2 protein chains.
Amino acid sequence: MLSKAISYVINPHYRISNFIINSFRQLTSISLPERRQDFEKLTSDDIRVFQDLLGNGNVRTKEIDDFNFDFMHWYKGNSPCVLFPENTQQISSILSHCYKRRLAVVPQSGNTGLVGGSIPMHDELILSLKKLTKNFELDSTSGILECDSGFILEEVDNRIAKDGYMVPVDLGAKGSCLLGGVVATNAGGIRLIRYGSMHSNVMGLEVVLANEQGQILRLGSNLRKDNTDLHLHKLFIGSEGQLGVITKVFMQVVPRPLSVQSALIGVNSFEKCQEVLKIGKQMLNEIISSFEFIDGEAMKMVKENADLDCPLNIFSNFFLLIETSGSNEEHDSSKMDKFLTKILEDGFAEDGVLAKNAAEADQLWKLRENCPLAIRKDGYVFKHDFSLPLKYFYELPEAVRKRLDVKAKRIISFGHIGDGNVHINVSIPKFDQKIYDLLYPFVYEWVYSKGGSISAEHGIGHVKRNFHHNLINPKIREISSSIKKLFDPRGILSPYKMIDF
Amino acid sequence: MLSKAISYVINPHYRISNFIINSFRQLTSISLPERRQDFEKLTSDDIRVFQDLLGNGNVRTKEIDDFNFDFMHWYKGNSPCVLFPENTQQISSILSHCYKRRLAVVPQSGNTGLVGGSIPMHDELILSLKKLTKNFELDSTSGILECDSGFILEEVDNRIAKDGYMVPVDLGAKGSCLLGGVVATNAGGIRLIRYGSMHSNVMGLEVVLANEQGQILRLGSNLRKDNTDLHLHKLFIGSEGQLGVITKVFMQVVPRPLSVQSALIGVNSFEKCQEVLKIGKQMLNEIISSFEFIDGEAMKMVKENADLDCPLNIFSNFFLLIETSGSNEEHDSSKMDKFLTKILEDGFAEDGVLAKNAAEADQLWKLRENCPLAIRKDGYVFKHDFSLPLKYFYELPEAVRKRLDVKAKRIISFGHIGDGNVHINVSIPKFDQKIYDLLYPFVYEWVYSKGGSISAEHGIGHVKRNFHHNLINPKIREISSSIKKLFDPRGILSPYKMIDF
């Protein structure tokens, strides 16, 4: 699970206008939107309707702060009520009622998102999927899983392990995020290079629409191949809960690897990092499961802030953490040995170490996992989640260094180089508006100008909404809004976020 | 390339109403739709506009039968004109003109589809993508390809081979189908079990809309991870040319395997076939690239009709053709040996043969490739492309046998068992309406009732349109139509096909 170290709060009653900073709370400038006037307020009659539907125990109006706060504690919503439906039909009835009454609703899964997508901005109802955990069926021959969306990702993984399967996505938040949320945010993680995104693995969804009937639709199928009609379930993958509520997931799961290896290597130039990636893809090929990147600044930081030692004898400018997953340990070791020998002998890498056992592998992965966590010790951190074409992958830290001059305490880069996804973190002792203004929208525009993405895996939510809307082609924004209206005609689902209504 | 043996024709001037058979031409009952009255007819003024845009040589009005016929020669459209744009801007101008003039247009790639999706039903203009072959760029480090949609699939594969890459999709039609058509139909093929569908590999598209401006949109990106906005390019994958014209494709390509092995095994029961699949997925795991199925009836047929001998000593009820692709021949051979030994010793398979070289592998694959081709020698063939949950995968041939009693000459099954995709072919000496009526809609309803798909990989086009529309949830049909209207406001793109307007 990701750290919960940051606990600063925007109080929703203290609404701040565009880019005025609540610097007392040392927050990134987050502007809260106006409450939409066409939304009704929850009444005691509504509560009774929900109690009749779900039972009193599944309608909570007290001690609901955990549901109003986002994971980063950047926001605190003001929802008066959390609903815990236990089946699809109840969700249908809830959404039908909310449609008729014009009550805004935020579907919430594990609430582990990093962009303020899963919490209310004002007094939206919270529809928690935590109790939607009845149906679970794995076809152990085809490797096709059909299950309710409320299962915790790690529990799904544990349940299918006995049949030799594994969920193809692995995230830091796997111990608390729910499968439906993983789909709704198209979560990425460290194994995407091997198994692809949720688009590669989800074959169909059951969703409930926020229309008059609270219509239940089965989109796509539980089949690997199905070319009948538009593949509408794809729209819900990464829709951030704004089109409908995902209630069931039909997805393929993958054979659990029998052999896993991890190696850390030091490389002196970014050009050589790219060469190593290329050679790795040829020589490790079908067994690569992660190809991670840590720059020298990040490695220094994890030593200083988390007292973690880099195990290599030579301290290089860049480090690559490479994991393989396969079905035969002898074969995999042989491939890894040949690969490491090749890149060392040919001078692409300066040094390298191969974990001899799981404990050693954990040590290597701790270095990588601590990049986003340990930097928080510096004070305030500006965090980013970019995709960039590889030729620009390491240009941005240089551009940021130049722009900020000596004003940042630290600028570190780490991420999933195999997927072109880089996390650039900038730390300063405490939040400073001048640094903020130097960084934004500069970094987003820089990334956009290079054909990159300002959100590789975290999504847009509310945090990146304004930047996103400024950069995106207006026609695409218009089409997305029109599509939202088809599924959610009154725009009551998770308002004020990625898609306009 | 698929065989072009069948050459029967429906003459579009001889319009037939619903399910009246042109039995003289021995055709499946295909009803042609009424021409939409709101479409204008092409005039000499339009021709001049196109000639000014494209040059006279790229506006063809004579010798265009090849473009009016579908691949199976089931249809012959009556288009007066084929346009050959050479760049995206020209396509934009064409579509803008067609929008303003209300001229219907069919985008056409390689015209190798099997459901009548790529040809005009009446006098729609044909917009051929064959000359859209200017831009081609492979990033050999990231394995990301950006190229115009008009390249032949095999040419794309050949071009990237020198950098050690391969296109992740392999089809019988690869020598003539175009990349854009592969995307527009979400074509499947024999390697889907390993590399996934086009949804797994296409990361973005440039498309041109048939609206007033002939708007050019870049949807998605050339990035593996991009969670900004709805993933709208997904709608175009499998849209059969009905939303817009795909002009550029951004996709990942995969490392070319250095070692390929093929084995054929004989299995006595369908239950054991499923066990072999399960064991194969564990033991061959990361190197499986195909897992194909041939039943005994199909194997007898290829002997009788194509004089191809099954190389096994024991003739079993079922045959599995298994291919592995990997990066190390020694490792792959060892895995395959252990797998074959296991399934033979444990009694799952009766007999098996491993190809010693490429020539022997070709012999094995000829058996599989001839299943859909050699059966045509029987006379008339009813062909099907179903996805089914594995437990129902082999129930349908039995149900069809029972329903047709002894009226069919042959009922054979083959397909991609690893993907749950079965092709059931029913042959009779010549087309017979009674058999047709026994088969349809019986087989489609049977498949649908088992949670299957009536089109696993071929799509809907016009051939399956009525069946599809009868089976699909009306709300989904309505949403698809509404989405079509957002992109193609006058419904001029490939009318009378999968999506209603």
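Residues numbered from 1 in each chain as written. Chains lettered and ligands numbered in written order. Predicted model: local features only at pLDDT ≥ 70, side-chain atom pairs only at ≥ 80, totals over all residues. Heavy atoms only, no water.

### Remarks on the overall build of chain A
When helices and strands are tallied, chain A shows 17 helices and 19 strands. A globule of 501 residues ought to have a C-alpha radius of gyration of about 23 Å, and chain A, at 23 Å, matches this closely. Projected onto the principal axes, the alpha-carbon positions of chain A cover approximately 75 × 60 × 40 Å. The burial tally for chain A puts 65% of its 501 residues in the buried class. Restricting the contact set of chain A to residue pairs at least 6 apart, pairs at least 24 apart contribute 73%. When the accessible area of chain A is evaluated, it comes to approximately 18100 Å², of which 47% is carbon and sulfur surface. Charge-centre separation for chain A: the mean point of 59 positive side chains lies 5 Å from the mean point of 61 negative side chains. (Helix = DSSP H or I, 4+ residues; strand = E, 2+ residues; numbered from the N terminus. Rg over C-alpha atoms; globule rule 2.2 N^0.38 Å. Buried < 20%, exposed > 50% of the residue type's maximum accessible area, 1.4 Å probe, protein only. Contact = heavy atoms within 4.5 Å. Areas by Shrake-Rupley, 256 points an atom, 1.4 Å probe, with all protein chains shown as cover. Lys, Arg positive; Asp, Glu negative; His and termini not counted. Charge placed at Lys NZ, Arg CZ, Asp CG, Glu CD.)

### A word on the interface of chain A and chain B
Opposite the 88 residues of chain A that make contact, chain B presents 88 residues. Where chain A abuts chain B, roughly 6900 Å² becomes buried across the two surfaces, and 56% of that area is made up of carbon and sulfur atoms. Broken down residue by residue, the surface that chain A buries against chain B is led by K225, N227 and L230 of chain A, which jointly contribute 13%. Inspection of the chain A/chain B interface yields four salt bridges. Residue K225 of chain B is joined to D419 of chain A by a salt bridge in which the shortest nitrogen-to-oxygen separation is 3.8 Å. (Buried area = accessible area lost by both parts, 1.4 Å probe. Salt bridge = Lys/Arg side-chain N within 4 Å of Asp/Glu carboxyl O.)

### Quick look at the sheet that holds strand β9 (residues 216–220) of chain A
Residues and elements named next belong to chain A. In space, the five strands of this open sheet follow the order β5-β6-β10-β8-β9, with antiparallel pairing throughout. Either end of the sheet is taken by a strand with one partner, and the two such strands are β5 (136–139) and β9. Between one strand axis and the next, the sheet turns through 10° on average, direction left out of account. Relative to β9, strand β8 (residues 202–208) is paired through five bridges, and the arrangement is antiparallel. Note that in β9 the partner of V208 across the bridge is I216. (Pairing = 2+ DSSP bridges. Axes fitted to C-alpha atoms, helices over the stretch in contact; angles between N-to-C directions.)

### Notes on the relation of the copies chain A and chain B
After a rotation of 180° and a shift along the axis of 0.0 Å, chain A superposes on chain B with an RMSD of 0.0 Å. Such a turn and shift between the copies fits a two-fold axis. Scanning chain A for the C-alpha nearest the rotation axis identifies S200 of chain A, at a separation of 2.2 Å. Interface overlap between copies is the fraction of interface residues in one copy that are interface residues in the other; for chain A against chain B it reaches 100%, indicating a shared surface. (Least-squares fit on C-alpha atoms with pLDDT ≥ 70 in both.)

### Thoughts on the sheet that holds strand β1 (residues 59–60) of chain A
Residue and element names in this part refer to chain A. Strands sit in the order β1-β2-β4-β3 across an open sheet of four strands; the sheet is mixed. This sheet does not close on itself; its edge strands, each paired only once, are β1 and β3 (105–108). Sheet analysis places strand β2 (residues 82–83) next to strand β4 (residues 125–128), joined by two bridges and oriented parallel. Across the sheet, the residue bridging to V82 is I126, located in β4. Set on the sheet, helix α3 (residues 88–101) makes contact with β2, β3 and β4; between it and β4 the angle comes to about 165°.

### Observations concerning helix α4 (residues 153–161) of chain B
Residues and elements named next belong to chain B. Those residues of α4 not exposed but buried are L153, V156, D157 and I160. End-on view of α4: buried residues confined to an arc of 100°, all on one side of the axis. Against β5 (136–139), β6 (144–148), β7 (165–166) and α5 (179–184) lie the buried residues of α4. (Arc of directions from axis to C-beta.)

### Some thoughts on the pairing of strand β8 (residues 202–208) of chain B
Residue and element names in this part refer to chain B. β8 sits mainly inside the fold: seven of its seven residues count as buried. Sheet analysis places β8 next to strand β10 (residues 245–252), joined by six bridges and oriented antiparallel. The residue bridging V207 from the neighbouring strand is I246, located in β10.

### Remarks on the packing of aromatic side chains
Residues and elements named next belong to chain B. Per the counting criterion, the structure on display carries 47 aromatic pairs over all chains. For the pair F293 and Y394, a centre-to-centre distance of 5.8 Å together with 65° between the ring planes defines the contact as edge-to-face. In this pair, F293 is assigned in strand β13 (residues 288–295) and Y394 in the loop between β17 (386–387) and α13 (395–404), connecting sequence segments 101 residues apart. Given a relative accessible area of 0%, F293 falls into the buried group. The interplanar angle of 50° and the centroid separation of 6.0 Å between the aromatic rings of F382 and F431 together place this pair among those described as tilted. Of the two residues, F382 is situated in strand β16 (residues 380–382) and F431 in the loop between β19 (421–428) and α14 (433–439); the sequence distance between them amounts to 49 residues. There is no split in this pair, since F382 and F431 are both buried. (Phe/Tyr/Trp six-rings, centres within 6.5 Å; stacked < 30°, edge-to-face > 60°.)

### Focus on the packing of helix α1 (residues 44–54) of chain A against α3 of chain A
For any two helices packed against each other, the geometry comes down to the angle between their axes and how far apart the axes lie. Residues and elements named next belong to chain A. At their nearest, the axes of α1 and α3 sit 10 Å apart, and the two run at 165° to each other. With respect to each other, α1 and α3 are oriented roughly antiparallel. Here the hand of the crossing between α1 and α3 comes out right-handed. Counted together, D46, V49, F50, L53 and L54 of α1 and Q90, S93, I94, H97, C98 and R101 of α3 form the full contact between these two elements. Here the contact of α1 with α3 is built from residues that sort into six nonpolar, three polar and two charged. (Parallel < 35°, antiparallel > 145°, perpendicular 65-115°, else oblique. Left-handed = near helix turned anticlockwise from the far one by under 90°. Nonpolar A, V, L, I, M, F, W, Y, C, P; charged D, E, K, R; others polar.)

### Some points on helix α13 (residues 396–404) of chain A
Within an α-helix, residues lying three or four positions from one another point in the same direction, as the helix has 3.6 residues per turn. Residues and elements named next belong to chain A. The complete set of buried residues in α13 reads L396, P397, A399, V400 and L404. Seen from one end, α13 has its buried residues packed into an arc of 160°, which puts them on one side. Looking at the packing, one finds that the buried side of α13 touches β17 (386–387), β18 (410–416), β19 (421–428), α14 (433–439) and α15 (442–449).

### Details of the nonpolar core
Counting residues in each nonpolar core, the largest one holds 86 residues, and the members touching the most others are L235 and F236 of chain A together with L235 and F236 of chain B. Setting aside its immediate chain neighbours within four residues, F236 of chain A contacts V183, A184, L205, V207, L209, L219, L243, G244, I246 and F487 of chain A. (Core = buried A, V, L, I, M, F, W, Y, C linked by side-chain atoms within 4.5 Å.)

### Observations concerning the confidence of the model for chain A
Residues and elements named next belong to chain A. Mean pLDDT over chain A stands at 92; residues scoring 70 or higher make up 94%. Confidence drops under a pLDDT of 50 for residues 1–28, and excluding neighbours within four residues, the segment shows 75 contacts in the predicted structure. Among the scores for the predicted complex, ipTM is 0.93 and pTM is 0.93. (pLDDT = per-residue confidence, 0-100.)

### Some words on the side chain of Q90 of chain B
All names here are of chain B. Following the sequence through the fold, Q90 ends up in helix α3 (residues 88–101). Note on Q90: relative accessible area 14%, which makes it buried. From its side chain, Q90 meets the backbone oxygen of L53 in a polar contact 3.4 Å long. (Polar contact = N/O pair within 3.5 Å; in protein donor to acceptor, adjacent residues only side chain to side chain.)

### A few points about the packing of α13 of chain A against α15 of chain A
Residue and element names in this part refer to chain A. For the pair α13 and α15, interaxial distance at closest approach is 11 Å and the crossing angle is 145°. Note on packing geometry: the crossing formed by α13 with α15 is right-handed. Residues L396, A399, V400 and R403 of α13 form the contact with α15, whose participating residues are F442, V443, W446 and V447. Residues belonging to the contact of α13 with α15 are distributed by class as follows: seven nonpolar, no polar and one charged.

### A word on the pattern of salt bridges
All names here are of chain A. Using the criterion set out here, one finds 56 salt bridges over all chains in the structure. For R256, the salt bridge identified is with D157, shortest N-O distance 3.0 Å. Taken together, the positions of R256 in the loop between β11 (254–255) and β12 (259–267) and D157 in helix α4 (residues 153–161) put the pair 99 residues apart, joining distant regions of the chain. Of the residues examined, R256 reaches a relative accessible area of 25% and is grouped as partly exposed. Overall, the relative accessible area of 14% leaves D157 in the buried class. Look at the salt bridges and you will find they share partners, linking R35, K41 and D123 into a network.

### A closer look at unusual backbone geometry
A cis geometry characterises the amide bond from Y440 of chain A onward to P441 of chain A, with omega recorded as 0°. A positive phi angle, close to 55°, is found at E240 of chain B, a residue other than glycine. When you line up the elements, E240 of chain B lands in the loop between α8 (233–236) and β10.

### A word on the side chain of S197 of chain A
All names here are of chain A. You can see S197 is positioned in the loop between α6 (192–195) and α7 (198–201). Judged by its relative accessible area of 14%, S197 is buried. There is a polar contact of 3.1 Å between the side chain of S197 and the backbone nitrogen of H199. The residues contacting S197, other than those within four sequence positions of it, are N186 and L192.

### Here we look at the environment of M283 of chain A
Its location among the elements puts M283 of chain A in helix α9 (residues 270–283). Judged by relative accessible area, M283 of chain A falls into the partly exposed class, the value being 26%. Separated by 59 residues in the primary sequence, M283 of chain A and K342 of chain A have C-alpha atoms spaced 9.6 Å apart. The residues touching M283 of chain A, leaving out its near neighbours within four places in the chain, are K335, K338, F339 and K342 of chain A together with S327 of chain B.

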